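The residues making up each chain are set out below.
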Amino acid sequence: MSRIGFYDKIKFIETLEETDNLSSESIDAIINALHKNRSLMIYFVNNIKNVKFVKQLAQRNFFINFPESIEGEERINYQGWIEGNLLNRMAEKIPEVVLEVIGKAKTKNLNVYTSLLAASLKVDIEKVHNVWPTMIEWLNNNSWHNYPRYYIDLAIKLISNGYFEDTMALLDIILKPVAPKRKSVEQEYLKDCAISRFDFFKYERYENTNIFTICKLLIDNKQFKLIKLLENLFNEAILIEKDISASDYVDTGYWRKAIEDHSQNIIKEYKNFLLDLLRDSLEQAINSDENSIVKRVQIYLFKSDPIYKRLGVHLIRISKDRHLEIAEEILAKYEMYDDDYLHHEIFLLLRDCYPVFEEQFQEKVLSIIKLGPKSENLEKYLKYISENHPDDDLDEAANEYSNRWIRARLFMIKDHLEGENLLLWNKLSEGVNFEKYHPEFRHFTSAGGFVAHIAPISEKEWKGMTVLQKVDFLISWSGEKEQDFSLKRVCPEGLAKLFKEDLKKEWDTYKTEILRLINNSPFPCYSFEIVELICETIAALKKDTKKEDLPFTDIDYNFILDILSSSISKWQNDFTSDGHETGYGRSVCTRSLNVISELSQYIDHKREKLKDDQFLRMRNILIDLCDNIDPTQKEDDPQDERFKNYYDPVTTSINHVRPIALRELLRYAVARSNILGLKKKRWEEEVENKVTAMLKDKAFSVRSVFGECWAWICHLDNDWAGNHHTDIFPKDYENRYFIAAWDGYIIHKYYIDDPRYDLMRPLYIHAIKNALKENMSQTHLEPDRRLAEHLIGFYQFDIEKLPTEDHDMQNPLAYLYSIKPNTITSHMVWSLWRRCKDIAEIDKKKEIWAKALVLWQYRLMSVNEENKNEFFGEEISWFINFLTIKELQVKSSEIEEILLGSIKYFKGGFRDNGLSELLEYLNITIEYDIEFSIKVLNKIFDIHGASWYFDKDEVEPILESAAKSSSLEVKKQAVYVVHKLGEYGHHWARDYLDRLRNV
């Protein structure tokens with residue numbers, strides 16, 4: 001091949017590198033060549049070793065080529081500075097070049113500064129200090145930085161060599177809080193809290209630890225200056241948040257539960273990190289002999305900002321052995337004991353200092369506590385009680401509030417009380433659960449998790465009862481129990497679970513009591529568990545599960561229908577006026593419908609005949625529930641702004657009573673007609689009337705069920721289906737009722753058994769239009785992908801033909817393939833491949849592959865340069881997946897021409913779109929056709945390059961086979977492949993050049 005390969009160019013430059021006394025013109029020519037070829041540049045800067053040559057490059061301004069940042073609408077793209085890799089790698093050998101480049105760095109590109117910082121760490125700090133003013137200037141001029149490790153390492157290096165002032169200046173840059181970033185000028189802040197220039201929480205293990213270490217070292221040398229710096233940084237964060245927040249939340253200090261480290265400090269915001277730094281530095285300083293720090297802390301106690309007051313109290317507490325007199329000054333003031341802002345810190349100060357106070361001052365503290373709460377706070381509480389609990393006794397409420405207030409403060413010193421004070425404590429604490437008592441916090445957050453439902457009696461007590469006693473207990477227990485704030489809750493649901501376990505083992509024993517329980521139960525959860533067990537049992541019987549594991553094996557239809565009727569009658573109206581549940585109303589109804597669904601499937605599957613009255617009872621239950629209020633309009637079509645993108649009638653239809661009832665009514669009618677062997681008009685008049693009436697139901701979820709059950713409707717009454725087709729699928733194809741019905745149809749319907757495809761065929765074209773405009777349900781069930789599966793099914797089973805030049809535009813495939821490739825055409829191929837992969841029979845696999853190969857050829861011919869796009873690349877890539885289905889044994893000769901014609905259409909960066917499969921296939925064909933394998937690989941590299949997504953294990957076997965080949969053409973093409981791999985950094989391939997060049 002005549003092309004100059006990548007490694008040929010590398011070898012030439014390596015030869016020049018070792019040449020002495022290169023002219024300036026030669027150096028410039030090399031630099032120019034490197035700038036024109038990024039791959040050469042990357043290899044060059046990572047492998048050059050000649051220091052003299054690097055210095056020559058520097059003299060010709062090689063390192064002053066700073067790439068600029070590219071500002072987009074939503075983000076800034078900081079381009080990589082490749083030359084910086086060389087500067088960093090050689091920094092110890094060329095320190096003067098590093099310092100010179102630092103002095104000349106004038107750019108907005110953060111990647112340049114990052115590389116220069118990394119290089120400066122390898123230079124003697126004394127030399128770096130000479131250009132420090134310049135570094136500070138360009139570090140300070142950027143509001144955001146990346147790779148904080150380099151900044152921290154530089155700060156550690158500075159402080160370790162005694163450059164304390166410079167460390168302070170760098171620390172100011174590192175810790176500077178900034179306002180949250182905006183997506184655009186018009187948008188509001190994405191967050192309402194100050195942020196760091198760095199992502200500190202991302203690098204927390206390294207950077208945060210070292211920042212605390214730096215502050216500890218600075219406290220010993222620049223104590224007061226460091227405290228002032230940290231205060232300023234913390235104040236800046238607070239000011240930023242006050243500026244961007246409409247509330248006074250930042251001012252109050254409530255955002256911080258505890259000044260000390262505590263599990264209650266849940267929120268991880270940057271101001272918390274800055275406060276931790278300030279706190280730790282002050283804790284270290286206040287225990288020194290520096291009086292200025294103590295005075296600073298005393299100033300905090302008189303500041304208006306609560307967070308500083310809290311910090312001051314905290315610092316006095318942890319240094320109480322040195323500053324007990326200040327603690328006395330604080331606790332001698334009555335107002336401190338009833339200050340909401342200082343609550344936590346005052347309580348801890350009281351706890352830790354009371355034991356070391358003189359007895360006289362202890363008495364003073366107790367006298368203050370016994371005064372009780374401030375009168376204004378008590379009045380606020382009583383006002384709240386009178387407004388919200390008008391029946392409560394206000395005198396009793398006042399007394400209870402005062403006692404609770406005194407008890408909370410005495411709790412902190414309870415272990416040191418004596419005499420009448422101890423008696424007072426014992427009286428106030430009687431009956432209090434101190435396991436969950438946290439008076440030092442105004443609000444305490446418990447651990448999260450799932451709540452366990454617990455029965456009100458023990459399992460032993462339950463087992464000791466007779467069946468009659470158990471049912472009496474279920475009926476009589478009111479559910480009243482002291483509220484438990486743990487993750488266990490005593491409730492009817494816990495009792496219902498206990499009852500269900502008994503029912504599983506003793507169904508026949510309980511049988512005479514079940515209806516009495518349902519009719520007299522105060523809680524719907526008991527009905528729910530009974531119905532749930534019936535549903536599970538029938539489903540198991542349908543699958544012929546071992547009978548000994550089931551509560552019953554013979555279905556007593558009348559008894560089950562009695563249970564359903566009673567449960568529904570009692571609980572189906574367990575909704576408030578706006579449709580929201582107060583209990584299990586919806587759950588009881590939907591689970592009862594599930595039971596009827598299982599019954600319908602069971603009798604249909606077993607061909608078990610029911611009595612007329614049993615059919616009638618099932619039908620009447622379903623018809624009754626077709627009038628249920630669930631879902632309401634709000635639930636069927638939420639208008640709340642939070643759900644503005646919500647429109648999912650298909651999912652709503654499987655979670656609400658009315659649409660489920662319609663579905664099960666139709667399922668029941670199909671099962672009944674199959675058992676009775678009915679012909680033509682197969683449903684009862686009452687069913688027909690109810691279904692017809694429900695066409696007027698305004699719920700989108702109900703309309704979705706009509707679409708879902710279209711095949712059943714056609715089976716039950718073909719004439720009715722034809723007469724009401726446009727009622728179910730309106731001719732306004734962008735109408736939401738059409739979309740609801742269509743998506744129900746397309747998601748649940750199989751493409752090969754539609755009894756009225758003549759009516760549905762034209763709708764597919766409109767559905768394609770809607771799908772491409774994303775005019776469909778916002779559902780995880782993906783109606784556009786289901787549409788694709790229908791369409792490929794039409795092709796696979798010859799329901800529709802591939803279009804020809806005179807194709808019928810009523811053919812959905814003809815319409816789809818007349819427009820540009822899209823997500824539907826792409827998913828169609830995926831679906832066909834998936835069917836071929838999953839099907840077990842080899843003959844059927846080969847039938848599908850034959851269809852796929854025809855479609856692949858058709859698509860290559862039908863798509864040209866004008867209408868190809870990224871979707872076509874994805875579509876073609878899915879055809880590749882067929883090649884690795886081992887049972888097909890696709891021969892290279894069968895697909896060589898079509899495969900080579902497809903490579904140009906591959907989607908860029910196609911690691912997950914066929915590349916692995918194609919390389920896997922090429923590793924198969926090397927066994928019998930290495931010429932094909934290397935030709936295809938050559939074509940891929942020629943068009944798409946050999947970027948990062950190539951693994952050595954996938955390509956090396958092909959090169960190995962090429963090296964062993966006797967074909968000169970194969971070896972020439974393999975040499976080109978090696979050069980291409982090298983161009984993209986896969987330098988392991990270079991070893992093959994000598995073996996391939998014996999031509």
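Residues numbered from 1 in each chain as written. Predicted model: local features only at pLDDT ≥ 70, side-chain atom pairs only at ≥ 80, totals over all residues. Heavy atoms only, no water.

Caption draft 1: Structural view of the pattern of salt bridges. Tallied over the entire structure, the rule returns 58 salt bridges. Here aspartate 697 ties to arginine 658 by a salt bridge, and the two come within 2.7 Å at their closest N and O atoms. Pair noted here: aspartate 697 is in the loop between helix 35 (685-694) and helix 36 (700-708) and arginine 658 is in helix 34 (residues 657-676), with a separation of 39 residues, a long-range link. Judged by its relative accessible area of 15%, aspartate 697 falls in the buried class. (Salt bridge = Lys/Arg side-chain N within 4 Å of Asp/Glu carboxyl O. Helix = DSSP H or I, 4+ residues; strand = E, 2+ residues; numbered from the N terminus. Buried < 20%, exposed > 50% of the residue type's maximum accessible area, 1.4 Å probe, protein only.)

Caption draft 2: Quick look at the packing of helix 30 (residues 585-606) against helix 34. For the pair helix 30 and helix 34, interaxial distance at closest approach is 9 Å and the crossing angle is 15°. With respect to helix 34, the element helix 30 is oriented roughly parallel. Viewed along their axes, helix 30 and helix 34 form a crossing whose handedness is left-handed. In this structure, helix 30 contributes Arg586, Cys589, Thr590, Leu593, Ser597, Ser600, Gln601, Ile603 and Asp604 to the contact, and helix 34 contributes Val657, Ile660, Ala661, Glu664, Arg667, Tyr668, Ala671, Asn674 and Ile675. Here the residues of the contact of helix 30 with helix 34 sort into nine nonpolar, five polar and four charged. (Axes fitted to C-alpha atoms, helices over the stretch in contact; angles between N-to-C directions. Parallel < 35°, antiparallel > 145°, perpendicular 65-115°, else oblique. Left-handed = near helix turned anticlockwise from the far one by under 90°. Contact = heavy atoms within 4.5 Å. Nonpolar A, V, L, I, M, F, W, Y, C, P; charged D, E, K, R; others polar.)

Caption draft 3: Broad picture of the nonpolar core. Counting 308 residues, the largest nonpolar core has Leu175, Trp742, Trp856 and Phe882 as the members making the most contacts within it. Top element by residues in this core is helix 34. It accounts for eleven residues. Grouped together as the second largest cluster of nonpolar side chains are seven residues, Leu378, Tyr381, Ala397 and Ala398 included. (Core = buried A, V, L, I, M, F, W, Y, C linked by side-chain atoms within 4.5 Å.)

Caption draft 4: Geometry of the packing of aromatic side chains. One pass over the structure, following the stated rule, counts 39 aromatic pairs. Ring centres of phenylalanine 499 and tyrosine 510 lie 5.4 Å apart, and the angle between their planes is 85°; this geometry places the pair in the edge-to-face category. Of this pair, phenylalanine 499 sits in helix 26 (residues 492-505) while tyrosine 510 sits in helix 27 (residues 507-520), placing them eleven residues apart in sequence. Here phenylalanine 499 falls in the buried class, since its relative accessible area comes to 1%. Ring centres of tyrosine 733 and phenylalanine 738 lie 5.2 Å apart, and the angle between their planes is 80°; on these two criteria the pair is classed as edge-to-face. For phenylalanine 738, a relative accessible area of 0% gives the class buried. These aromatic residues form a ring-pair network of at least three members: Trp710, Phe729, Tyr733, Phe738, Trp742, Tyr745, Tyr757, Tyr764 and Phe794. It is arginine 785 that lies over the ring of tryptophan 830; its NZ or CZ is 5.5 Å from the centre. Here the basic side chain of lysine 851 rests over the ring of tyrosine 795, its NZ or CZ set 4.8 Å away from the ring centre. (Phe/Tyr/Trp six-rings, centres within 6.5 Å; stacked < 30°, edge-to-face > 60°. Lys NZ or Arg CZ within 6 Å of the ring centre and 35° of its normal.)

Caption draft 5: Local environment of unusual backbone geometry. Here the amide bond leading from aspartate 630 into proline 631 is cis, since omega sits at 10°, within 30 degrees of zero. As for its position among the elements, proline 631 is in the loop between helix 31 (612-625) and helix 32 (633-636).

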